[in-house]
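Structural features, examined
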Amino acid sequence: MEKFRANLMLCAGTGCVASGTTKVRDALRDEIQKRGLDEEIKIVLTGCNGYCAEGPVLSVYPDEIFYQKLTVEEIPKLVEEHFLKGRPYEKLMFKEPEKKTAIPMMKDIPFFKHQVLRVLRNKGLIDPEKIEEYIARDGYQAAAKALTQMTQEDIIKVIKDSGLRGRGGAGFPTGLKWDFASKVKSDIKYMLCNGDEGDPGAFMDRSVMEADPHSVIEGMIIGARAIGAHHGYIYVRAEYPLAVKRLQLAIDQATEAGLLGNNILDTGFDFKLEIYLGAGAFVCGEETALMRSLEGKRGMPRPRPPFPAHKGLWDKPSVLNNVETLAQIAPIILNGSDWYRSLGTEKSTGTKVFALTGAINNVGLVEVPMGIPLRTIIYDIGGGPKKGRKFKAVQLGGPSGGCIPESLLDIPVTYEDIVATGAIVGSGGMVVMDDNTCMVGTAKFFLEFTADESCGKCTPCRVGTKILLDMLTDITEGRGKEGDMETLEDLGRDIIATSLCGLGQTAPNPVLTTIKYFRDEYESHIKHKWCKAGVCRSLTTFWIDEKMCKGCGACLRGCPSKAIMGEKKKPHKIIQELCVRCRSCYEACKFKSIKILPANFEGDPSELVGVTTETETKKGES
Amino acid sequence: MPRLKIEDLQKIKEKHKADFALREGGYRAKVTVHMGTCGIAAGARNVMTALMDEIAKANRSDVIVTTSGCAGLCAREPLATVEIMNQSPVKYCDLSDEKIREIFKEHILGGNPVEKYALVMGSETTY
Ligand SMILES: Cc1cc2nc3c(=O)[nH]c(=O)nc-3n(C[C@H](O)[C@H](O)[C@H](O)COP(=O)(O)O)c2cc1C
Ligand code: SF4
Ligand code: SF4
Ligand code: FES
Ligand code: FES
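Residues numbered from 1 in each chain as written. Chains lettered and ligands numbered in written order. Predicted model: local features only at pLDDT ≥ 70, side-chain atom pairs only at ≥ 80, totals over all residues. Heavy atoms only, no water.

1. Here's the deal with the overall build of chain A
The number of helices and strands found in chain A is 24 helices and 19 strands. Taking 622 residues into account, the globule formula puts the C-alpha radius of gyration at 25 Å, and chain A, at 27 Å, falls close to it. Each principal axis of the C-alpha atoms in chain A carries an extent, and together these give about 85 × 65 × 40 Å. Residues counted as buried form 59% of the 622 residues belonging to chain A. A separation threshold of at least 6 residues defines the contact pool for chain A, and within that pool the share at least 24 residues apart is 69%. For chain A, the computed accessible surface area is about 24,800 Å², with 53% contributed by carbon and sulfur atoms. (Helix = DSSP H or I, 4+ residues; strand = E, 2+ residues; numbered from the N terminus. Rg over C-alpha atoms; globule rule 2.2 N^0.38 Å. Buried < 20%, exposed > 50% of the residue type's maximum accessible area, 1.4 Å probe, protein only. Contact = heavy atoms within 4.5 Å. Areas by Shrake-Rupley, 256 points an atom, 1.4 Å probe, with all protein chains shown as cover.)

2. With respect to the side chain of E287 of chain A
Within the secondary structure layout, E287 of chain A lies in helix α12 (residues 287-294). Residue contacts for E287 of chain A: discarding those within four places in its chain leaves K177, R304, P308 and L320 of chain A.

3. Quick notes on the site of ligand 2
Around ligand 2, a shell composed of 13 residues is seen, among which C549, K550, C552, C555 and C589 of chain A lie nearest. Partitioning the shell around ligand 2 into residue classes produces eight nonpolar, four polar and one charged. (Near = heavy atom within 4 Å. Nonpolar A, V, L, I, M, F, W, Y, C, P; charged D, E, K, R; others polar.)

4. Side note on the pattern of salt bridges
All told, the structure shown has 61 salt bridges over all chains when counted by the stated rule. A salt bridge links R237 of chain A to E239 of chain A, with the shortest nitrogen-to-oxygen separation between them at 3.7 Å. For the salt bridge of E448 of chain A with K444 of chain A, the shortest nitrogen-to-oxygen distance reads 3.9 Å. In this pair, E448 of chain A and K444 of chain A both sit in helix α17 (residues 439-453), four residues apart, roughly one turn of the helix. You can call E448 of chain A partly exposed: its relative accessible area is 37%. Among the ionic contacts, a cluster of salt bridges with common partners joins D53, E54, K57, D97, R101 and K105 of chain B. (Salt bridge = Lys/Arg side-chain N within 4 Å of Asp/Glu carboxyl O.)

5. Looking at the interface of chain B and chain A
Across the contact, 38 residues belong to chain B and 44 residues belong to chain A. In total, chain B and chain A occlude about 3,700 Å² of area from one another, counting both sides; carbon and sulfur atoms represent 56% of this. At the junction of chain B and chain A, the tally comes to five salt bridges. Residues R23 of chain B and E133 of chain A are paired through a salt bridge, measuring 3.0 Å at the closest nitrogen-oxygen approach. Among the residues forming the side of chain B that touches chain A, the class breakdown is 20 nonpolar, 10 polar and eight charged. (Buried area = accessible area lost by both parts, 1.4 Å probe.)

6. Looking at the nonpolar core
All names here are of chain A. Core analysis: the largest hydrophobic core is formed by 74 residues, its most contacted members being Y140, I155, W178, M191, I221, I222 and F271. Composition of this core by domain shows at least three residues from each of domain 2 (131-341) and domain 3 (351-434). The residues touching W178, leaving out its near neighbours within four places in the chain, are I155, I156, I159, M191, G219, I222, G223, A226, I227, V319, N321 and I329. Core analysis: the second largest hydrophobic core is formed by 35 residues, C11, C16, I109 and L356 among them. (Core = buried A, V, L, I, M, F, W, Y, C linked by side-chain atoms within 4.5 Å. Domains from an automatic or database assignment.)

7. What about the sheet that holds strand β15 (residues 429-434) of chain A?
Residue and element names in this part refer to chain A. Read from one edge of the open sheet, five strands run β12-β11-β15-β13-β14, paired in mixed fashion. Of all the strands in the sheet, just β12 (364-369) and β14 (402-405) have a single pairing partner and so form its edges. Across the sheet, the mean angle from the axis of one strand to that of its neighbour is 30 degrees, orientation sign disregarded. The pairing of strand β11 (residues 351-358) with β12 spans six bridges and is antiparallel. Among the inter-strand pairings, L356 is bridged to a residue of β12, identified as G364. Here helix α9 (residues 204-211) sits on the sheet in contact with β11, β12 and β15, set at roughly 115 degrees to β11. (Pairing = 2+ DSSP bridges. Axes fitted to C-alpha atoms, helices over the stretch in contact; angles between N-to-C directions.)

8. Structural notes on the sheet that holds strand β9 (residues 272-278) of chain A
Residue and element names in this part refer to chain A. In space, the four strands of this open sheet follow the order β9-β8-β7-β10, with parallel pairing throughout. Edge positions in the sheet fall to β9 and β10 (318-322), since each has one partner strand and no second. Within the sheet, the average angular offset between the axes of one strand and its neighbour, ignoring direction, is 20 degrees. By the bridge criterion, six bridges tie strand β7 (residues 190-195) to strand β8 (residues 231-237) in an arrangement that is parallel. When the bridges of β8 are listed, N194 appears paired with Y235. Contacting β7, β8, β9 and β10, helix α10 (residues 213-227) crosses the sheet at an angle of about 150 degrees to β7.

9. Observations regarding the packing of helix α6 (residues 141-148) of chain A against α10 of chain A
All names here are of chain A. The contact between α6 and α10 brings their axes to 9 Å, and the two run at 10 degrees. With respect to their mutual orientation, α6 and α10 come out roughly parallel. Counting all contacts with α6, which are made through Q141, A142, A143, A146 and L147, the residues of α10 involved are E218, I221, I222 and R225. Residue composition of the contact of α6 with α10, by class: six nonpolar, one polar and two charged. (Parallel < 35°, antiparallel > 145°, perpendicular 65-115°, else oblique.)

10. Overview of helix α19 (residues 484-498) of chain A
Residue and element names in this part refer to chain A. With 15 residues, α19 should cover 21 Å at 1.5 Å per step; its first-to-last C-alpha distance of 21 Å lies within 8% of that length. Here α19 has its buried residues at D484, M485, L488, E489, L491, G492 and I495. Where the residues of α19 are buried, they touch α18 (459-476), α20 (502-506), α21 (509-517) and α22 (519-526). (Expected span 1.5 Å × (residues − 1).)

Here is the structure:
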């Protein structure tokens, strides 16, 4: 038996490869060889660890030491210190943003500490290109159980009882969906996987496909058995080449091992699985459009009913599930529904993976029990807003979702509670925004996306999103008028009520939630021509409060259009005619002497509500 | 890979037990070889190699080996600490190829500390 004293799990997900995994791997291998450690220490390449921003990352077992931001230059020192002399190398460890102390072990790093891994159970622990490693972690045991010890009804019952809901967006109960399809009589049925992941910024499905492709395949085998399908497709977007490569390799290995194809594990059950490359349009992720696209037609939604359980792909009964939904299946079959329900709430059971991004200290993938408060995710796991800035809103659910304000951060993350705010859980995109963000601009950003991605089949969606976008553009450029907010709200509700598919039915959410929670911001844009965050260029004047200015010159040095003048240690001044309102002086001034005023402002700034000038600043305030 | 039968899944799992004991932390005994500059000079590498050899020969997946820095006892190097789950750790000193092989058989597999080579019994754990 080959025996190693340490396993070095080096991340080879898309993010880490982009930041240099391949070169680091070579350097690591060479150095280990040079030190004569190659028979004691094994390097294993894993899929994404969900911490891509700090990549390439490396976990060392059995010590459980976690290293980040590896570089080729640091490798000799790392090998000498840790692997030869046994002294974990502090320089490459995680350090808390404010303090400088290193945290050596993964399980102590706040970002990882609060997570519960079910979907991501094999994250960073296996080589996704070796089926043996998946099997060594109980892989395909659930498929074996489902094929030999369970009837179709047994499988459906466990999944129903588990309370699992689809992770692709709508949160439809998975067991119920399987039940519908299993009851329809047909010689041909299809089991499908949605790996389109169209939400900008989301990457949980990619990560699962890259890091643990067999978990998706095993879920599909069990689903196929439950509904009586013998053919399946995984629909993956072509922009995910590594996911496609690993899935194909996994399918080939599983087929060779008799886990796919005819007579799986000698049980007499057949299931053939293929990959289909998606063209990339957002609407192709919608189930009826996805099936049209699979048939080789243009990906456009069609009215339901008939539902896919009756008439899906090629009008045959079909079930489509999201990648993350499918990755949850095998452990539920092995451990039972009570085990699954032990986390989460009554109606939102189990765990959900979120892609945490934006103006926050720790960005990445986080898997947490449903029902934990948003605040825990943002502050305990995410480490709060960057540079100690003030939290403003969190955007959930991507372009179909909405913005949730500070006052609602204590609500639990469940399908019901999030919908009540006007946002949706969606596929799990979570973008944190600080006080540097303009909420009207945020709504506009998402509408640009949906207006562009509308497939054009139905008028409310095609024309409606365009009108919403034009109005938002007007507001951010100073052409907003009284009554605009009401028009936006009315039109938004109409689009939701009359659109054919989920794209149109959710596209107004970003507008409606920002109006609901940030009304004052719309008002100041429309009435006072004032973007208080200083983002909308037509609606701001940058002004230096001479009484507060220390004359350090930081603003002047950073100004790209030489619009600031002033002598050292004397108050500086902005020449408004030259200023392009790029905001960089505002960021640069350590003394908060630069104020954001309404467009073309002339008069006394101290009379403006919300602007703290020198006279009002309390002593000791920085 | 040939076509699998259901029993084969368990066999594959067994075969990979050693690697996963490292990654998942399910081990019974841990040996820490002190690899400070002095330890290496005194022959800690040979001790390590001998130990790895014994583990491989005995086909054990429940014993793991780690290294640590200087233990502050340079005169008594090579040093190693043996920790069996739920027992107090034992530090061995002045080790050699032969001594570590004996310790492996007697203490790690047999459960009886080899007192004649022990420096201290029941010192602090390495973590
Ligand atoms: C415009 C639009 C885009 C969608 N994009 C995706 C997607 O990228 N991935 C996904 O899994 N579901 C997507 N969905 C949801 C799917 O229609 C479908 O509900 C889901 O794949 C079903 O799987 P689940 O029940 O496991 O969640 C989208 C829906 C709409 C309306
Ligand atoms: S950075 Fe602030 S203090 Fe320094 S010159 Fe500019 S406004 Fe004045
Ligand atoms: S906003 Fe930009 S262009 Fe205007 S003064 Fe400041 S740095 Fe210069
Ligand atoms: S790719 Fe390495 S952490 Fe995501
Ligand atoms: S140069 Fe010293 S604070 Fe600006």
